[in-house]
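Here's the letter readout for the chains.
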Amino acid sequence: TQIETWHAMDETIRDLTQLQSIRFDAAPLQQSMGSHATMRSHFIARYAQLTKFNGTIVKDHERIDAERRYVSTVARLLVTQYQTAMPQERDEFLQREHARYPILAQQHETAAQAAVASGSNGN
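None of the values given here were measured: they were computed from a predicted structure.

Comments concerning the sheet that holds strand S3 (residues 56-57)
With mixed pairing, 3 strands are arranged side by side in an open sheet as S1-S2-S3. Of all the strands in the sheet, the pair left with one neighbour each is strand S1 (21-22) and S3.

Written out as structure tokens, the structure reads:
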């Protein structure tokens, strides 16, 4: 299957609640992400149930780092692209593209605040 967006990935694995391990390589989604490390980090942050990605165990510290990076990335995106959007439009975007963001932003509040401050300063 050629998965091109995170929304498509979410739709593909949404009902696989017992999914703990996934192998993912050479799809258009990975090409849009750049490095393998970035792809791995996003998978780990987006899918809490994953214990292995491409055959390698996900360690606790790796999950925390991945979640913080993800929160920072999405927070900067919200500041730069959805700053003037209506709250409903922003909420629909989050639900569609980043459903775990609200939960992770609350868990990693400091990372979200730093990203927003950085984004609002034009950095």
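Concerning unusual backbone geometry
Not every positive phi belongs to a glycine, and Asn 54 is a case in point at roughly 50°. Looking at where Asn 54 falls in the secondary structure, it is placed in the loop between strand S2 (52-53) and S3.

Considerations on the confidence of the model for the protein chain
Mean pLDDT for the protein chain: 84, with 89% of residues reaching 70 or above. Per-element averaging of pLDDT across the protein chain places helix H7 (residues 109-120) at the bottom with 68 and S3 at the top with 96.

What about the environment of Leu 94?
Tracing the chain through its elements places Leu 94 in helix H5 (residues 87-97). For Leu 94, the contacting residues outside a window of four places in its chain are Val 74, Leu 78, Ala 99 and Tyr 101.

Let's talk about the packing of helix H1 (residues 6-13) against helix H3 (residues 36-46)
It is the contact of H1 with H3, at a shortest axis distance of 13 Å, that shows an interaxial angle of 50°. When the axes of H1 and H3 are compared, the pair comes out oblique. Regarding H1 and H3, the two cross each other, and that crossing is right-handed. Between H1 and H3, the contacting residues are Trp 6, Met 9 and Asp 10 on the first element and Met 39, His 42, Phe 43 and Arg 46 on the second.

Description of the pattern of salt bridges
Counted according to the given criterion, the structure contains 6 salt bridges. Arg 40 serves as the salt-bridge partner of Glu 62, at 2.5 Å between the closest nitrogen and oxygen. With Glu 62 in helix H4 (residues 60-81) and Arg 40 in helix H3, the pair connects residues that are 22 residues apart, well separated along the chain. Residue Arg 90 pairs with Asp 91 through a salt bridge whose shortest N-O separation is 3.6 Å.

A short note on H5
All of the buried residues in H5 are Phe 93, Leu 94 and Glu 97. Around the axis of H5, the buried residues are gathered within 95° of arc, so they sit on the same side. Exposed and oriented more than 90 degrees from the buried face of H5 are Pro 87, Gln 88 and Gln 95.

Looking at the layout of surface pockets
Taken as a whole, the largest pocket spans an internal volume of roughly 370 Å³. Together, 17 residues line the largest pocket, and Asp 10, Arg 14, Arg 46, Tyr 47 and Ala 99 are the ones closest to its centre. Mapped by element, the contributors of at least two residues to the lining of the largest pocket are H1 and H5. Counting residues per element, the lining of the largest pocket draws most heavily on H1, which supplies 4 residues. Split into classes, the residues belonging to the lining of the largest pocket amount to 6 nonpolar, 5 polar and 6 charged.

Definitions and cut-offs
Residues numbered from 1 in each chain as written. Predicted model: local features only at pLDDT ≥ 70, side-chain atom pairs only at ≥ 80, totals over all residues. Heavy atoms only, no water. Pairing = 2+ DSSP bridges. Helix = DSSP H or I, 4+ residues; strand = E, 2+ residues; numbered from the N terminus. pLDDT = per-residue confidence, 0-100. Contact = heavy atoms within 4.5 Å. Axes fitted to C-alpha atoms, helices over the stretch in contact; angles between N-to-C directions. Parallel < 35°, antiparallel > 145°, perpendicular 65-115°, else oblique. Left-handed = near helix turned anticlockwise from the far one by under 90°. Salt bridge = Lys/Arg side-chain N within 4 Å of Asp/Glu carboxyl O. Buried < 20%, exposed > 50% of the residue type's maximum accessible area, 1.4 Å probe, protein only. Arc of directions from axis to C-beta. 1 Å grid on protein atoms, 1.4 Å probe; cavity = no way out; pocket = protein on both sides within 12 Å on 5 of 7 lines; lining within 4 Å. Points joined across faces, edges and corners; volume = space filled by probe spheres on them. Nonpolar A, V, L, I, M, F, W, Y, C, P; charged D, E, K, R; others polar.

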